[in-house]
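Understanding the architecture of this molecule
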Amino acid sequence: MLPASVHPYFFLSYAHTPRFGAGGPDPDMWVERLFRDLCGHVMALTDLPAGAEAGFMDREIRSGEGWSERLGAALATCRVFVPLFSPRYFASEMCGKEWFAFAHRAIQHGAASNERAEAIVPALWVPVPPSQLPGPAERLQFNHNTFGERYVTDGLYGLIKLRGYAEQYERAVYELARRIVRVAETVRLDPVRPMDYRVVPSAFGPSGTAGGAGGGPARTLHVTVAAGSRHDLPDGRSPEYYGESALDWNPYHPVSQRPIAYVAEDVIKNLNYQTTMSSFDDEAGHFDSKQPPTRPEILIVDRWVVEDEHRRQRLAAFDQESRPWINVVVPWNRYDHQSRAKEAELARRLEETLPVKMSQGRAACRAAANGVANMETLGQILPQVVEAAAQQFLRHAQVYLPAGNTHTERPRLIGPMGMSEPPAPPPAPFPPDAYDAHIDGNDSNDTDRGDADDSES
């Protein structure tokens, strides 16, 4: 991590623009001018000492191979994150990773303080229609109109390129710098350990998928919590970790001030999902349906529920259903003395209750089911568990054929070979299952164990 004396005041996140040809002008020179102007205003508006790093901008063009230690450290220590909105920005996996890494700091801060911390100050480099904004950007409460009318219609790129708009550019940049300083003085995010680029997902979702970068139907995910309330705990169990319902369960108390369901919801929303939540007690019959899935799901389980025989039996029945698009996460606080004293017993009973879910899927899914020790680990492992559930959902969801094409045959060769062969059979009603069996090299009875990729780390 960077020494405290060189923590950048703000982090400018932007999508590199490719050159038009060899030897042509560097289109990012305009971004560098904006960066210098912002740094100058921030230095003038604050008491930062001479030589302090007012801002950070990554000038290296990257294609997903990784990021430097300096970039990761800057994201883990800067006070304000400034994304330059443009269509290219939301199509960039690298920009999505930067956004997720910084936003996750705000989630951790909110969990520890139970106060909302929003330290993202967006700027319009090129105006983007609201319909093309991914969920994390769309949910920002930010009024661009205060920066000027021309700024809203042309963006900073238009103002900086056209000589007639020099005054409007200066006003917009000054107002942006003022907003950065105001947010930095209001929100105090603690520095954290830099995230590992290899496991950092994009906040904009996978490129080219529905609900991913570039708009499209929103992706949805359901979170269910299997836990007791303070009114129905096992004898001797402390109520300090529980509330009026399962959704109030807070396993990481007192480090976390927020229930685990809402922390998980924030992390999942930062992956460009819309979420719904419910208690396992309120989902009677939900997991017994034989219908194809309508969304991926995460089941968050308190090991103490196995002390309640009715809940234990319902969990055991759920485990017998072949539903690989539902992944289990088991938060476990080793500083909870009661839980630590019964850890071996509760872990054994839960494994006996959920033998399939505790052993299926990727290494990250198995690790999540066998105990997540703290909030930091939850933030690292939950995105991987969500991604695995989403992939399994896509493989098992109902396939709807286009209207009027229910009897369309597969294309056939024209010529002697094509004429000598019988017509190809119509497509199977569930091609994802057939595809799974093909890539797995296993029969259809093994699909609930995850595919070949899911079984490896």
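The rules behind the values
- Residues numbered from 1 in each chain as written.
- Predicted model: local features only at pLDDT ≥ 70, side-chain atom pairs only at ≥ 80, totals over all residues.
- Heavy atoms only, no water.
- Helix = DSSP H or I, 4+ residues; strand = E, 2+ residues; numbered from the N terminus.
- Expected span 1.5 Å × (residues − 1).
- Buried < 20%, exposed > 50% of the residue type's maximum accessible area, 1.4 Å probe, protein only.
- Polar contact = N/O pair within 3.5 Å; in protein donor to acceptor, adjacent residues only side chain to side chain.
- Axes fitted to C-alpha atoms, helices over the stretch in contact; angles between N-to-C directions.
- Parallel < 35°, antiparallel > 145°, perpendicular 65-115°, else oblique.
- Left-handed = near helix turned anticlockwise from the far one by under 90°.
- Contact = heavy atoms within 4.5 Å.
- Pairing = 2+ DSSP bridges.

Concerning helix α4 (residues 93–113)
Side chains three or four residues apart in an α-helix point the same way, a direct result of the helix having 3.6 residues per turn. In this model, α4 (21 residues) spans 30 Å end to end at C-alpha, consistent with the 30 Å of a helix rising 1.5 Å per residue. Burial runs high along α4: 16 of the 21 residues are buried. The backbone nitrogen of Met94 lies 3.4 Å from a side-chain oxygen of the residue at the head of α4, namely Ser92. One or two residues past the end of α4 sits Asn114, with phi positive at roughly 60°.

Some thoughts on the packing of helix α8 (residues 260–269) against helix α13 (residues 375–396)
Contact geometry for α8 and α13: axes closest at 10 Å, N-to-C directions at 55°. In terms of axis orientation, α8 runs oblique to α13. Relative to α13, α8 is oriented so that their crossing is right-handed. Facing Ile260, Val263, Ala264, Val267 and Ile268 of α8, the residues of α13 in contact are Met375, Leu378, Leu382, Pro383 and Val386.

Section: the sheet that holds strand β4 (residues 123–124)
Ordered by their spatial adjacency, four strands build an open sheet running β2-β1-β3-β4, and the pairing between neighbours is parallel. The strands lining the two open edges of the sheet, one partner per strand, are β2 (55–57) and β4. Together, β1 (10–13), β2 and β3 (80–85) form the strand contacts of helix α1 (residues 29–45), whose direction differs from that of β1 by roughly 165°.

Remarks on the pairing of β1
Of the two faces of β1, the one lined by Phe10 and Leu12 and the one lined by Phe11 and Ser13 are each fully buried. When β1 meets β2, the two strands line up parallel, connected through three bridges. Counterpart to Phe10 in the pairing with β2 is Gly55. For β1 and β3, the ladder comprises four bridges, and the chain directions are parallel. Its bridge partner being in β3, Ser13 is matched across the sheet by Pro83.

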